[in-house]
Structures are given as structure tokens and as C-alpha cells.
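If you want the building blocks of each chain, they are given just below.
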Amino acid sequence: MRYDISTVITNLDPQYADGEDAKMVIRNVFEGLFCYDEEGKAVPAAAESYGISADGLVYTFQLREGMHWSDEAQTPITANDFEFALKRLYNRDYQSPFADDFLCLKNAQAILGGSMPPSALGVKATGTYTLEITLEYPAPQLPELLCSTAAMPCNEVFFTETKGRYGLSADMLLYNGPFYVRLWEPEEYIQLRKSDDYRAPQETYPARVTLSVTDGQEHLRRFQSGKTDAAVLSYDELQQLRTQQINYEQFEDTVWVMVFNQRVPFLENRNARKALAGAVNHAAFAPLLGNDLIDSATFLPPSLTIYSESYRKLAGFTREGSYRPKEAKESWARALQEAGEPPVLTLLTAEGSSHPMTAGAVQKSWRDDLALVVNMEQHPLDELSALVQDGQYQIAILPMRPASSRPEEMLADFRSGSGRNLAGYQSKTYDALLERAEKARGKEELLAACKEAEELLYQDAVLVPLYYQTSYYVTPKKVSGIYFSPFAGEISFQKAVKK
């Protein structure tokens, strides 16, 4: 199997690697306690069975026996490997960006606050193949959390022997999934090979999967010429394949938003952000959008669900009055009084498609409504993502994709202090709403907390939703069995077949 990726992968440490392509590789070379089935449901994987206490606070997992790591000694995989992995998330010297996702684990919050050591985390191997996880509060979403790459096992002895290089090269990892990394040239490719060490009911079909690092603009051409066996394309690119024999799936899986960097002193001012957000006129750029982009004033995309129901249908697709030029002018006047004259501001956006035209329409709205001139810079998407991740921006238009089907997990990207909080947003009220969502019992309670949290992002002008994007996952007719999902990093090659 052959597939193109767009980013240079330099780290495959499951507890720390935080890029979509890296996560995709990790999901194919590791296996967690749970995984997603073809219907998107969390099902046992390395866990053979599990039980839940009557109060919902203690989960006991029984691992499949006979599993072993990919080393020559065929070291058995035990409950200790999962205990060590989860406790690594809370390393005091270098906290994982996924630590916030597991705050339901007993003592996790206290460990993050520094009042307890990582060893106090509510995860314990009570037997060679028995793992016990104790929660701070009932969390029915735990099986989904255990599907994440951050919950993949890690052998402590091997980890210690790598002396700080764990996950940085193929020989600095042990694998327990259907594939292992055979070759890894970060600037060129990663080659996966079928693992003879993998023990699972599901058979692995491909002998080899080659992931080539190429410019995203080249993915269509390479697919057309038969150099790859699958591709993720835009609507316009899909139309160029009308004469070819293909299969495709489509997911409305991405939302493009405008984010304000609150680490910039002027943009730390709430009135400044409210003015800029209130002067964004969707009607000015909606006619400019491509066929795979749908104007939207709401943040959380349609792929998210609450108790198997679409969150967007439950919460509503529309938000009235997001364009408020009069109020924007009033907020701008208050901002100038409170924060002084603004610095020279620059809006970053991605190259190609409709993104620069959208940014130009926003520039015009700000000039017309606020008498504000803002510069614009276009960057390749990978460069834009790197700049935003490093905090080297003031205002940016960027894509966001959910990592799972849970709306509360995507909302948690803006939790105070989170490593994924690109905006630098700090709000005790927002954090409390996230905690309410995580502790919610029942659909209505969860829906109410998520709706309030989403609304607070708008009220505090943390971001401005612009449009949803549909992605098209394409294979030739002769290829089948590749599992695609609308969630970041969810591509599985285990059952892929090429005629």
C-alpha cells in the first residue's frame, strides 16, 4: 500500500506526538486497550474484557494473554505497560499535551496542580494481565479516551534504555500493533511492515505500507498517475477524477476558524477581540467559497455526537447576529481607551483555495467598519500550522479537526493551560463548563454544558468560525479495506487489499 503524507514526522512517541500524520502512523503500529471499529464505536482491542464497579468509578481490564512486544526477546505485554504509559502523561519535567484529556482519572487534577506525584494517578496493574483504573468521577467516555494514541502502552525498561530518545527513530520504539516501522527517513518517507509479532483475531493483509512525504499540492497528481493507493482530496480535485474508476467517502470533518493570539498584549483585551470578531461579515466571503466549503457561524462540526446523536443537530446549526458592525465600533472605541493604539496587525492564512479571498474580505470589513488596516500573509498549510503552534502569529485563519466524536474533547483545546490552547485563552468560567461536561450524567446535562462552553468562546471572541470543509477520501476501484474516519489520525491499513 502507498499513501502520501504532508508533514515531516520527527516523533512517534505516543504519549507526546501531536500531529495528524504522526497519530495515523502510531495507530497502525500500536494497539491500545480499545480501538474504534468500522462504525466508529470504541471496542476492546488489547483488552479482552472489562468490568465496571456499581458506582462507575473503577474499571478493571483483563488483557489478552499471548501478546508480546516486537523485540527479539518477544517481551510479553503486561498491565504494567499500560500503567506506565498513562502515568507518563503527567511527567513533571515535560507534561504531555494530552494530560488534560485524562482529568477524569483519580488524582489527575491534583498531579497537574503539583500537590501529588504522578505515581498517585488512579491507574494500577493489579496482576500481570489485569489493569485497574480508578476515576475521580463517573466517565462513560473512558473507552473512547483509551482509543487515543496517548493511551498506547509503553514498556518501562525499554523506555529507560533509550535514554531520552524514545520515539525519535525506528529502533527507539517497541511496537505491539499490526505493523512496525521498518524504515524512517523523516524528510522522505516512513515504511511500515507487517508484524509477525502481532497477536489478534483480525488478520493483517498488507505486507508493506509506504508513506511518502510530499507536498499536498502533489497528492492528486501522484494518485492520478498510480503512484499512491489512496488520497484525501478537495472537491475540485475530486472532479478531476471523474473519468477514473474510483471509490470515495466524504466527511464534513474540518472547521476553519479565525483565532486571536491572546498572548499579544493588544489582543489580550476582550473588547479588541470582540470588535474584530463582530466586524467579520460572512456575507462578504460566502459567495467566494469553493464547493467543499460551507459558510458557518458555529464552531463544532457536524461529525461530533452526543450519545450517538449529532451534536450540531441538537445544539443548532445557526447563530444569529454574528456580524454586528455597530457593536463592533463601540467595542473598538472601548479597546482603544483600555489598551491604547493597536500595533501593526497581520492576518495569516493558508495558500490556495478560497482562504486568501476570505482573508481579503475580512480585511475589507475591518477597514470599512473599524477604519483598521491589517496586513495579510499567505503560507503553505504546514508552515502556517507551525507558526501558530509556536505562537508566532497575531491573528490566523486555520483549520481545526476533532480528534474524536466527543464535542467536549474539541472544546477542551481551549482549556486554560492546555498545551493545545493555541489562543492562550484563560477563563475559570470556561474551565468550569468543561468540567461540567466531563462529569455530565446523561445527554441533556452534557448538551447543556457543551452549548454554554461553545457560546462562551463566541462571547469572549476567542475565535470566529468561518466555514466547514468536506474532505474526500479516495481509493482506486482495485483497492478496498482502508478504513477512513472523520477524526484526526484515523486511517487504518490493516485490512487493505489491492486486486
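Counting restarts for each chain: residues are numbered from 1 in the order of the written sequence. Local features are withheld for residues below a pLDDT of 70 in this predicted model, meaning they are given only at 70 or higher, and side-chain atom pairs are given and counted only at 80 or more; totals for whole chains, interfaces and linings count all residues. Excluding hydrogens and water, the side-chain values take into account all heavy atoms of the structure.

### A closer look at the packing of helix H15 (residues 428-439) against helix H16 (residues 443-459)
Next, step 1: Between N-to-C directions, angles span 0 to 180 degrees; the directions come from axes that are lines fitted to C-alpha atoms, helices contributing only their stretch in contact. Comment: elements are numbered from the N terminus, with helices defined as DSSP H or I runs of at least four residues and strands as E runs of at least two. Packing of H15 against H16 leaves a shortest axis separation of 8 Å and a crossing angle of 160°. Considered as vectors, H15 and H16 are oriented roughly antiparallel to each other. Between H15 and H16 lies a crossing whose hand is left-handed. Where H15 abuts H16, its residues Thr429, Tyr430, Leu433, Arg436, Ala437 and Lys439 lie against Glu445, Leu446, Ala448, Ala449, Cys450, Glu452, Ala453, Leu456 and Leu457. To sort the angles, those under 35 degrees are grouped as roughly parallel, those over 145 as roughly antiparallel, those from 65 to 115 as roughly perpendicular, and the leftovers as oblique. Put simply, a crossing is left-handed when the front helix is turned counterclockwise from the back one by less than a right angle, and right-handed when it is turned clockwise. Only heavy atoms enter the contact rule, under which two residues are in contact if any of them lie within 4.5 Å.

### Focus on the side chain of Asp460
Next, step 1: Looking at the element boundaries, Asp460 is found in the loop between H16 and strand E19 (463-476).
Next, step 2: Apart from the residues within four sequence positions on either side, Asp460 is in contact with Arg270, Arg273, Tyr425 and Ser427.

### Examining the pattern of salt bridges
Opposite charge on two side chains permits pairing when their charged atoms draw close.
Next, step 1: Each salt bridge in this description consists of a side-chain nitrogen of Lys or Arg and a carboxyl oxygen of Asp or Glu lying within 4 Å of one another. On inspection of all chains with the given rule, the structure shows 25 salt bridges.
Next, step 2: Close ionic contact of Lys41 with Glu39 constitutes a salt bridge, the shortest N to O distance being 3.8 Å.
Next, step 3: With a closest N to O distance of 2.4 Å, Arg415 and Glu438 form a salt bridge. One end of the pair, Arg415, is in the loop between helix H14 (407-411) and H15; the other, Glu438, is in helix H15, and 23 residues separate them in sequence.
Next, step 4: Through salt bridges with shared partners, a single network forms among Arg2, Asp229 and Lys498.

### A look at the pairing of strand E8 (residues 179-185)
Next, step 1: Strand direction decides the pairing type here: E8 and strand E9 (residues 189-194), joined by six bridges, are antiparallel. Each bridged residue has a counterpart across the sheet, and for Tyr180 the counterpart in E9 is Arg193.
Next, step 2: At least two DSSP bridges between two strands are needed for those strands to be called paired. Hairpin remark: E8 followed by E9, antiparallel, with three residues in the connecting loop.

Interpretation in functional terms is not warranted from these geometric data alone.
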